[in-house]
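Structure at a glance
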Amino acid sequence: MKRLGSRRIARGFGLLELLVCLGLGLLLLMAVGHLLVSGKTVSRQLGQRADQQERLGLVTHILSVALKGAGHLGCLARQEAVINLLNSHWEGLGVLGTGPAVEIVADPQNSADFADIDHLAEGSQALIVRGYARPLARLNQPLGEDRGEGWLYDSGARIDSGDVVLISDCRQGALFSATSTWHSQGRVRFSWAVGTGDLDNAPVGEMFDGTPVVGGLSQLGEGFAADAGLWGSSSLRLYVAESRASAGPLQTYGLWQKTAQGNALELVTGIDGLRFRYGAWRGSGGGHIGYFDPGHLPSDARLVLLSMGFFLSSVQQGSDGGITWRRAEIAVPLNASAPP
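What comes next concerns the included structure. (Residues numbered from 1 in each chain as written. Predicted model: local features only at pLDDT ≥ 70, side-chain atom pairs only at ≥ 80, totals over all residues. Heavy atoms only, no water.)

**Brief notes about the nonpolar core**
Counting 35 residues, the largest nonpolar core has Leu 63, Val 102, Leu 127, Leu 306, Met 308 and Phe 310 as its most contacted members. Tallying contributions element by element places helix 1 (residues 15–68) first for this core, with six residues. What Met 308 contacts, discounting residues up to four positions off in sequence, is Val 59, Leu 63, Leu 255, Leu 274, Arg 275, Phe 276, Ala 328, Glu 329 and Ile 330. In this structure, Leu 139, Val 165, Ile 167 and Ala 174 belong to the second largest nonpolar core, which totals 21 residues. (Core = buried A, V, L, I, M, F, W, Y, C linked by side-chain atoms within 4.5 Å. Buried < 20%, exposed > 50% of the residue type's maximum accessible area, 1.4 Å probe, protein only. Helix = DSSP H or I, 4+ residues; strand = E, 2+ residues; numbered from the N terminus. Contact = heavy atoms within 4.5 Å.)

**Remarks on unusual backbone geometry**
Residue Pro 100 is bonded to the preceding Gly 99 through a cis peptide linkage, with omega at 0°. One non-glycine residue, His 119, lies in positive phi territory at about 60°. Tracing the backbone shows His 119 in the loop between strand 2 (102–105) and strand 3 (126–129). Judged by relative accessible area, which is 57%, His 119 ranks as exposed. If you check the backbone angles, Gln 185 has positive phi at about 50° while not being a glycine. Given a relative accessible area of 71%, Gln 185 falls into the exposed group.

**Some remarks on the pairing of strand 14 (residues 253–259)**
On a regular strand, one side chain projects to one face of the sheet and the next to the other, so that they alternate. With six of seven residues buried, strand 14 is to be regarded as a mostly interior element. As defined by bridge partners, strand 13 (residues 236–242) adjoins strand 14 across seven bridges and the pair is classed as antiparallel. If you follow Leu 238 over to strand 14, its bridge partner there is Gln 257. In the sheet, strand 14 pairs with strand 15 (residues 264–269) via five bridges, with the strands oriented antiparallel. Directly across from Gly 254, in strand 15, lies its bridge partner Thr 269. (Pairing = 2+ DSSP bridges.)

**Some remarks on the pairing of strand 8 (residues 179–184)**
Pairing geometry for strand 8 and strand 9 (residues 187–191), over four bridges, is antiparallel. Looking at strand 9, one finds that Trp 182 is bridged to Arg 189. Counted along the chain from strand 8 to the antiparallel partner strand 9, the turn is two residues long, and its residue Gln 185 has a positive phi close to 50°.

**Overview of the sheet that holds strand 3**
Spatially, 2-3-13-14-15 is the arrangement adopted by the five strands of the open sheet, whose pairing is antiparallel. The outermost strands of the open sheet, each flanked by one partner alone, are strand 2 and strand 15. For this sheet, the mean inter-axis angle between neighbouring strands, taken without regard to orientation, is 25°. (Axes fitted to C-alpha atoms, helices over the stretch in contact; angles between N-to-C directions.)

**Focus on the sheet that holds strand 8**
Across the sheet, which stays open at both edges, the ten strands sit in the order 8-9-5-4-12-6-7-1-10-11 with mixed pairing between neighbours. The sheet is open, and its two borders are formed by strand 8 and strand 11 (212–214), each paired with just one other strand. Looking at each pair of strands side by side, their axes are set apart by 30° on average, direction ignored. In this structure, strand 6 (residues 164–168) lies alongside strand 7 (residues 173–177), joined through five bridges in antiparallel fashion. Within strand 7, the residue paired with Val 164 across the bridge is Ser 177.

**Some words on the state of the cysteines**
As enumerated under the stated definition, the model contains one disulfide in all. Disulfide partner of Cys 75: Cys 170, at an S-S distance of 2.4 Å. Taking the sign of the S-S torsion, about -125° here, the bridge from Cys 75 to Cys 170 comes out left-handed. Within this pair, whereas Cys 75 is found in the loop between helix 1 and strand 1 (82–86), its partner Cys 170 is found in the loop between strand 6 and strand 7, the two being separated by 95 residues in sequence. Overall, the relative accessible area of 58% leaves Cys 170 in the exposed class. (Disulfide = S-S within 2.5 Å.)

What follows is the structure, encoded as structure tokens:
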């Protein structure tokens, strides 16, 4: 009798197994896709945060540099020792004045000090920093009857005709308009002719309290030390206005700076809602530091720092197609020599 050998029947995947494999594959693809989307979102958020942190550091640096010149008057400690020899009275000098060293402008759109600025952002405050901290020259001989001469501080220093200059030693100072300037081999000669413009020299000057001073700078020449210094304005304005990057219906604003005798410069793009507060020391009640809004600074307070708050936008758009904003606030100490 023959015995039949057993035979194995080869069979492939059935329908059920195929459906299970397809389902597992789809689940795996969905998981990988979700991870890719999440990774892209996280990468975008990290990029936005890094950009915001970089611009926040830049704003802090800008404010610190701006405040370094606040209240500087050469080696003078008091603005009461400065004589105004210009036709404009103290209150009409604007950013070219000697005080207040730091001024918060609550409504720059209606301020005469910002009348020359276009496209200011609504609802943002502005800041004026005043001072004469740019060393220009040092007298190399006593002042003459109508002119003076000095050595320039460096190759970049220059005094042009019509520049408003502070001449000061450690006892007194005077604001005047340099006329007929001449430069040669590191020296500068200047005069102080009387004119009719607001920033021209006046025949009669005035002290900070309004007391008239007859004779102008020629009358004061003998009173200045032989090595008195000549200083240029370091005053500037910080404000928020429409950015150069603004395009289409979506307006973009940025932080701008304009020096007393320079052009407007956009410093940081994507800033809005600018707010300032004075940080001041009061000796009453054992002494304490408080924050005060513009117009509410006590008369007995001494400024020690400035608080600056603003909204910082992201460079990239959010997932909903809009711009994401982050509220930031920084505080920068004022120079100890800046008067209140």
